[in-house]
Amino acid sequence: MRTVHRTCPLCDSVCGLRLTLDDAGKVTSVKGDPDDPFSKGFICPKGASLGSLDEDPDRLTAPMVRKDGEWLEVGWDEAFQAVHEGLTKVIEEHGRDAVAVYFGNPTFHTMGGIFYRMPLTQSLGTRNVYSASTIDQMPKHIACGYLFGDTFAIAVPDIDRTDYLLVLGANPVDSNGSLCTAPNFPARLKALRERGGKLVVVDPRRTRTADLADEHVFVRPGTDACLLFGIVHTLLAEDRTSIALDVNGLDDLRRLAEPFTPEAVAAVCGVPADVIVRLARELAAAPTAAVYSRIGGCAQEFGTITQWLVDVVNILTGNFDSPGGAMLTKTAAMDLPRPRPYVGGQWHSRVRGLPETMGEFPVATLADEIETPGEGQVRAFVSIAGNPVLSAPGGPRIGKALAGLDFMVCVDPYLNETTQHANVILPPPRILQMAHYDLLLLTVTVRNYTRFSPAILPLQPGQMSEAEIMAKLTLIAAGAGPDAPASALDEQIVGMFLTGATQAPGSPYEGQDVAELRATLTGDSGPELMLDVMLRLGHYGLTLNDLVENPHGIDLGPLVPRLADLLGTESGKVELAPPQLYDDVERLRARLARPAPDMLLIGRRQRRSLNSWLHNVGPLAGGSNTCTLHVNPDDIARLGLGEEAVVRSANGELTVPVEANGSIMPGVVSLPHGWGHAGSTQTVAGQHAGVNANALTDESVVDVPSGNAVFNGVPVTVRPAA
Ligand SMILES: Nc1nc2c(c(=O)[nH]1)N[C@H]1C(S)=C(S)[C@@H](COP(=O)(O)OP(=O)(O)OC[C@H]3O[C@@H](n4cnc5c(=O)[nH]c(N)nc54)[C@H](O)[C@@H]3O)O[C@H]1N2
Ligand SMILES: Nc1nc2c(c(=O)[nH]1)N[C@H]1C(S)=C(S)[C@@H](COP(=O)(O)OP(=O)(O)OC[C@H]3O[C@@H](n4cnc5c(=O)[nH]c(N)nc54)[C@H](O)[C@@H]3O)O[C@H]1N2
Ligand code: SF4
Ligand SMILES: [Mo]
C-alpha cells in the first residue's frame, strides 16, 4: 500500500486528491487532499471515482486500426505508419486546408494536450482549426479581446472577499465552476452569505446554486443581454456609476444602452422592471460586488454581448480589478503569449463565410466544411480528446460527415460515437501514468495558487505518453515522417522558448546563453521541461523543482490588481463600447420585438457526469444521472404529457422520458447533453444510453461575433409521445 497525491484532472476545480494504491498499482481509495491549501480536502463524486475511471476495462490499451470495418489492435509503429500514409495522401492531393483538426475539452486538462496544441496546429498548417472553445467560452474571449485588447484577460469573481455576487447562467454547485477555478464552490458561497454578503442567481431553473442564494430570479433563456443592458441603462440613467479605470466610450455605451430601458426589456426577459432596477441599485451600493456568468450566458444567441456587459457592469460599479470585485489571476507560469490587441475575423470559413476567432472556425460549421465539395473541402480529420458527435450542435450530422472522410485519426482512450469513424485511434495511457499541470485552469483561480503532480505510475512497455503521441503527430504533420523521434521536437520547442526569452527585452533571461540555460532545466518529459521554463519566466520565479518539493500545491496569496500587465488595447484604455459589437447590439435590438416561442430548450449539467465521457463509470451511473427532460408541472398539464414526450426543433426530433420538475421556469424544458450512447461498445454507457441533445440544437444559428454554438434558448415544440 502507498499513499500518493495528485490534482484531479476532471473538471476546472483542480482539487488536490489523496490516493492509496496497492502493490499492483490498483487504486484502493480516493479522498480529498486536506493539505492542499486551495481545495483543503474537498472532493466531489467524480473525483472520488477516479480509480474506477482509471481502471475502466473499456479504456483502449493499444493503438487501434480499422480495416474492412473491423478494429484491430496494432503496435505504435504500424499505427503511426497508417497516420503518415493517410494524412500525407490527403495533403498531397488536396492541400493542407483539407485536413481539419479538433481539440476537445480534455485537451486542456492534460499536459500533452495543452503543450502540443500549438505545435500540432502549426505543423498541420490548415485553416480548418476547431476546438471546444466555440461550443463553450469563445464569447468570453472575444468580449475580453475587445474590452481589454487581450482575449485571456478573463476576470474571476473574487468570491472569497466579495460582498455581492450576481451569478447569471452558471451552476457551480453542480459544475464545480468554470472560468473560475474555486474548489468547494458551495462552501465559498455559504461563507459569502455568512459574512453578510448577498448571493443572487439568475437562471431559468432554480438550481442547487440558486438554493444557496438569497434570491433567485427566473430569466427567459437567451435574454441575459437584454437584462444586463437594463442594468447598465439604470446605472447610467440614475448616475450610479463609480468607474475606477481609465475608459473610452462611455458616451457610446450610453447611446447603445438607451433603448434597453428596464421596462422595454422586462417583457422579453420575463424579469419585472422593478427587479432589474433593484439589482442595478444593489450592485452599485454594495461595498464590493461581482457579476459572474458561464455556459448559460455564453452558449446562447447573444453570448458575446452578455459577456461584454458582465464586465461592463463590473467596471461601471467600480468592481473590476479591485479586491472583492472581478479580478485577474497572477499565475505561477508566465502569461501565455498571444497577439495584442486582439483582432478577429482575419479570414473566413469557406462555406458560410464565418469569421475566424483566435485562429479557429466555429465547430458549428465543421459539417459544412466536410460535406460541401470544392477547393478546400475537408477530407481528413484529426481529433484530439473530443466527441463532437455528441457535444457539438447538430452532432448527428457531424457523425454522418465524418463517416464520409478519406482519413481520420483520434487521440482518445475510448471507442465512442466520434472515434468509431476513425481509421486510427491512438490511446493515451492511464490517468495515473500522466504528470499533471493545469496550464490554463490555473489562469482563472480565485486565489493565486499552483500545483504540479508527477506521474504516479510508470509507463509499461508498449505504452506511449500522450505528450509523445502528440509530438509524433506533430512531426508527421510537419513532413518528418513516422519514424522521427519525439524527443527531437521537445528539444526544438524548449530551445525556441529559451531563445525567445534571451532575445526579449526585459526578460529575466535577456542576453544569456541558451545552452547554459537548457542545462539548468529539470523535468521527465518535453512538457515538463517547457513548464520549467514557463515557471522560471513567471511572476514568482519558481522552478519545476519547487513545485515537485511542494506536492500539495503552493498558495501564492489573494488576488491582486493586475489589469495594467494585460491591457492590450491600442488606446491603452479599457474600451467600454467596442465598435466591433455595434452591429450585434442592433441584432439584439431587433430581438426586443421578436415574439417568444412557445417552448425553449436549455441544457443541464449533472453532478455525476462530465460532458459525454463519464457515463461508463459504474459508481456514477443511474439515479439522478440519467437523460430525462425536465418539464414544469404546469406545462405537463397544459401539454397533456405522459411518461414520454416528443421534442422537436428546426433541426430534429427526439423522444425522451419526462421528469416533472417544479424548479424549471414554465415555457422552458431542460435536457442534459453528452448522452446518446445507443449501440456503444462501452458496457455501462451502452446500458444507460439516453439521447443526443445535440440532435435538437441548430448549427445554423450562432452567436454572431464569436461563432459560438447556441445550446440554450433553442425553440422547440413538445407533445406527448404516441
Ligand atoms: N447541448 C449542449 N452541448 C454541449 C454543452 C452544453 O451545455 N449543451 N456544453 C459544451 C461544452 S461547455 C463543452 S466543453 C463541450 C465538450 O465537447 P468535447 O470536448 O467534444 O466532448 P467531451 O464529451 O468532453 O469529449 C471528451 C473526449 O475526450 C476523451 N478523453 C478523456 N480523457 C482524455 C485524455 O486524457 N486524453 C485524450 N486524448 N482524450 C481524453 C473522451 O474519451 C472523449 O472522447 O461540449 C459542449 N456541448
Ligand atoms: N458535473 C459536471 N461538471 C462539469 C461539467 C459537466 O458536464 N458535469 N462540464 C464542465 C464544463 S466543460 C463546463 S464548460 C462547465 C460549465 O459550468 P456551468 O456553466 O456552471 O454549468 P451549467 O450547468 O451548464 O450551468 C449553466 C446554467 O445556465 C442556466 N441557463 C441556461 N440558459 C440560460 C440563459 O439563457 N440565461 C441564464 N441566465 N441562465 C441560463 C442553466 O439552467 C444552468 O443552470 O462545467 C464543467 N463541470
Ligand atoms: S470538483 Fe472537479 S476537480 Fe474537484 S474532485 Fe470533483 S471532478 Fe475533480
Ligand atoms: Mo466546457
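A brief structural summary. Nothing here was measured: the structure is a model prediction, and the numbers come from that model. (Residues numbered from 1 in each chain as written. Chains lettered and ligands numbered in written order. Predicted model: local features only at pLDDT ≥ 70, side-chain atom pairs only at ≥ 80, totals over all residues. Heavy atoms only, no water.)

### Section: the overall build of the protein chain
Logical step 1: Looking only at helices and strands, the protein chain has 26 helices and 28 strands in total.
Logical step 2: Relative to its length of 722 residues, the protein chain is compact, with a C-alpha radius of gyration of 25 Å against a globular reference of 27 Å.
Logical step 3: Dimensions of the protein chain along its principal axes, counting C-alpha atoms only, are 65 × 65 × 55 Å.
Logical step 4: In the protein chain, which comprises 722 residues, the share counted as buried stands at 62%.
Logical step 5: When contacts within the protein chain are restricted to residue pairs at least 6 apart in sequence, long-range pairs at least 24 apart make up 73% of them.
Logical step 6: When the accessible surface of the protein chain is split by element, carbon and sulfur atoms take 51% of a total near 25200 Å².
Logical step 7: One finds the centroid of the 58 positive side-chain charges in the protein chain at a distance of 5 Å from the centroid of its 84 negative side-chain charges. (Helix = DSSP H or I, 4+ residues; strand = E, 2+ residues; numbered from the N terminus. Rg over C-alpha atoms; globule rule 2.2 N^0.38 Å. Buried < 20%, exposed > 50% of the residue type's maximum accessible area, 1.4 Å probe, protein only. Contact = heavy atoms within 4.5 Å. Areas by Shrake-Rupley, 256 points an atom, 1.4 Å probe, with all protein chains shown as cover. Lys, Arg positive; Asp, Glu negative; His and termini not counted. Charge placed at Lys NZ, Arg CZ, Asp CG, Glu CD.)

### Thoughts on the environment of H630
Logical step 1: With respect to the element layout, H630 can be found in strand β22 (residues 629-631).
Logical step 2: Each C-alpha atom of the pair H630 and P63 lies 40 Å from the other, and the pair is 567 residues apart in sequence.
Logical step 3: For H630, the residues in contact, after removing those within four places along its chain, are R604, E659, N661, I664, V668, V669 and S670.
Logical step 4: Polar side-chain contacts of H630 include one of 3.5 Å to the side chain of E659. (Polar contact = N/O pair within 3.5 Å; in protein donor to acceptor, adjacent residues only side chain to side chain.)

### Here's the deal with the side chain of N661
Logical step 1: Relative to the elements of secondary structure, N661 occurs in the loop between β24 (653-660) and β25 (668-670).
Logical step 2: Given the relative accessible area of 16%, N661 is considered buried.
Logical step 3: Here H630 takes part through its side chain, which lies 3.3 Å from a polar atom of the side chain of N661.
Logical step 4: Within the local environment of N661, its side chain forms a polar contact with the side chain of S663, the two groups lying 2.4 Å apart.
Logical step 5: In this view, N661 contacts H630, V631, N632 and P633; residues no more than four positions away in its chain are not counted.

### Digging into the site of ligand 2
Logical step 1: Residues in contact with ligand 2 amount to 32 residues; listed here are only the nearest, D203, G222, D224, Q606 and S609.
Logical step 2: At a separation of 3.0 Å, an oxygen atom of ligand 2 approaches a polar backbone atom of I295.
Logical step 3: Take R607: an N or O atom from its main chain is 3.2 Å from a nitrogen atom of ligand 2.
Logical step 4: In isolation ligand 2 exposes 910 Å². Once the protein is present, 97% of that is buried.
Logical step 5: Counting only elements with at least two residues in the shell around ligand 2, the list comes to α6 (172-175) and α13 (295-298).
Logical step 6: At three residues, α6 tops the list of elements feeding residues into the shell around ligand 2.
Logical step 7: In this structure, the shell around ligand 2 is formed jointly by two domains, domain 3 (138-328 + 564-585) and domain 4 (597-720), each of which donates at least three residues. (Near = heavy atom within 4 Å. Domains from an automatic or database assignment.)

### Quick notes on the environment of D412
Logical step 1: Mapped onto the elements, D412 comes out in the loop between β16 (407-411) and β17 (424-426).
Logical step 2: Along the sequence, D412 and R240 sit 172 residues apart, while their C-alpha atoms lie 52 Å from each other.
Logical step 3: If we skip the residues at most four places from it in the chain, D412 touches L60, A385, G386, T419, I425, L426, P427 and P428.
Logical step 4: Here the side chain of D412 touches Y414 through a polar contact of 3.0 Å, landing on its backbone nitrogen.

### Topic: the site of ligand 3
Logical step 1: Around ligand 3, the neighbouring residues are C8, L10, C11, S13, V14, C15, F42, I43, C44, K46, G47 and N176.
Logical step 2: In the shell around ligand 3, the residues fall into eight nonpolar, three polar and one charged. (Nonpolar A, V, L, I, M, F, W, Y, C, P; charged D, E, K, R; others polar.)

### Details of helix α14 (residues 303-316)
Logical step 1: Compared with the 20 Å implied by 1.5 Å per residue over 14 residues, the 20 Å span of α14 between its first and last C-alpha is a close match.
Logical step 2: Within α14, 14 of the 14 residues are buried, which leaves the element mostly enclosed by the surrounding structure.
Logical step 3: After α14 finishes, the residue G318 shows a positive phi value of roughly 75 degrees. (Expected span 1.5 Å × (residues − 1).)

### Notes on helix α11 (residues 262-269)
Logical step 1: Among the residues of α11, those classed as buried are P262, V265, A266, V268 and C269.
Logical step 2: Tucked into the core, α11 has its buried residues touching α9 (224-237), α12 (273-285) and α24 (582-592).

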